[in-house]
Amino acid sequence: GAVVSQHPSWVICKSGTSVKIECRSLDFQATTMFWYRQFPKQSLMLMATSNEGSKATYEQGVEKDKFLINHASLTLSTLTVTSAHPEDSSFYICSVERASGRPDTQYFGPGTRLTVL
Amino acid sequence: SQQGEEDPQALSIQEGENATMNCSYKTSINNLQWYRQNSGRGLVHLILIRSNEREKHSGRLRVTLDTSKKSSSLLITASRAADTASYFCATVWAGGGNKLTFGTGTQLKVEL
């Protein structure tokens, strides 16, 4: 399967700081990337859809000023959690959709565990 | 919420037994997908079934889809300890692009 990387794999930060998470598609160009959040023992909730060269589309209830998404190239999307607070502690997972080929399948990154103290 | 529900929430079986997980969803769909997640890891795509399909097989996996009942099931035959993981169904609803809506998940534990 396709390889999607996330960096960092885990991060611990102090309350009030900002954290940037990278999602890279290593095998193919991705016009669309998705960002999910998963709380312990819960399911994945879609936060936003990241489109290369345009503004991200956020799901209802997700603050776009708090979760900044930049999809600057066809292989990289970043999620910045601004002014993080303990309630933002979660597992953040990205997925990518191929620019060509089968549109149905998303390929997921390994996730980034964020802990805000 | 459009989130689907899965049952059981947790399932514990012995190696060699079959495991069945069920998923119910709320909207009309284009397709339904099943994913596996090992603890604290990313997701692995297992199988996709389209709205016009009723059954699909892949190795030890068998998926059924009943669009009239808005439900799907995942059967893992001859389970192995390595199958221990969380399993999620995810739907792509008609008119929603390719956005995935995940179910609540089933935690499967296969004991030796």
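Just above sits the structure.
Here's a quick rundown of the structure. (Residues numbered from 1 in each chain as written. Chains lettered and ligands numbered in written order. Predicted model: local features only at pLDDT ≥ 70, side-chain atom pairs only at ≥ 80, totals over all residues. Heavy atoms only, no water.)

## Re a nonpolar patch on the surface
Thought 1: A cluster of nonpolar side chains, namely Trp-10, Ile-12 and Leu-117 of chain A, defines an oily patch on the protein surface of about 390 Å² accessible area.
Thought 2: Note on placement: Trp-10 of chain A falls in strand S2 (residues 10-13). (Patch = residues over 30% accessible without salt bridge, like charges linked within 9 Å, V, L, I, M, F, W, Y side chains within 5 Å. Areas by Shrake-Rupley, 256 points an atom, 1.4 Å probe, with all protein chains shown as cover. Salt bridge = Lys/Arg side-chain N within 4 Å of Asp/Glu carboxyl O. Helix = DSSP H or I, 4+ residues; strand = E, 2+ residues; numbered from the N terminus.)

## Some details on the state of the cysteines
Residues and elements named next belong to chain A.
Thought 1: Counted according to the given criterion, the structure contains two disulfides over all chains.
Thought 2: Shown here is the disulfide that connects Cys-23 with Cys-94, its sulfur atoms set 2.0 Å apart. Between Cys-23 and Cys-94, the S-S torsion sits near 75 degrees, and that sign places the bridge as right-handed. Highlighted residues: Cys-23 in strand S3 (residues 19-25) and Cys-94 in strand S9 (residues 90-97), separated in sequence by 71 residues.
Thought 3: In this structure Cys-94 comes out as buried when scored by relative accessible area, which is 0%.
Thought 4: Counting only cysteine sulfurs, Cys-94 is the nearest neighbor of Cys-13, a cysteine outside any disulfide, at a range of 19 Å.
Thought 5: Under the relative-accessibility criterion, Cys-13 is labelled buried at 8%. (Disulfide = S-S within 2.5 Å. Buried < 20%, exposed > 50% of the residue type's maximum accessible area, 1.4 Å probe, protein only.)

## Some thoughts on the pattern of salt bridges
Residues and elements named next belong to chain A.
Thought 1: For the structure shown, the criterion picks out six salt bridges over all chains.
Thought 2: Notably, a salt bridge pairs Lys-66 with Asp-88, separated by 2.9 Å at the nearest N-O pair. Of this pair, Lys-66 sits in the loop between strand S6 (57-58) and strand S7 (67-73) while Asp-88 sits in the loop between strand S8 (76-81) and S9; the two residues are 22 residues apart in sequence, bridging distant segments of the chain. The residues Lys-66 and Asp-88 share a single accessibility class, namely buried.

## Considerations on the nonpolar core
Thought 1: Residues Cys-23, Trp-35, Phe-67, Leu-79, Tyr-92, Val-96 and Leu-114 of chain A are the most contacted members of the largest nonpolar core, which totals 24 residues.
Thought 2: Among the elements of the structure, S2, S3, strand S4 (32-38), strand S5 (44-51), S7, S8, S9 and strand S11 (112-116) of chain A are those that each provide at least two residues to this core.
Thought 3: Judged by nonpolar contacts, the second largest core, of 21 residues, contains Cys-23, Leu-32, Leu-65 and Tyr-87 of chain B. (Core = buried A, V, L, I, M, F, W, Y, C linked by side-chain atoms within 4.5 Å.)

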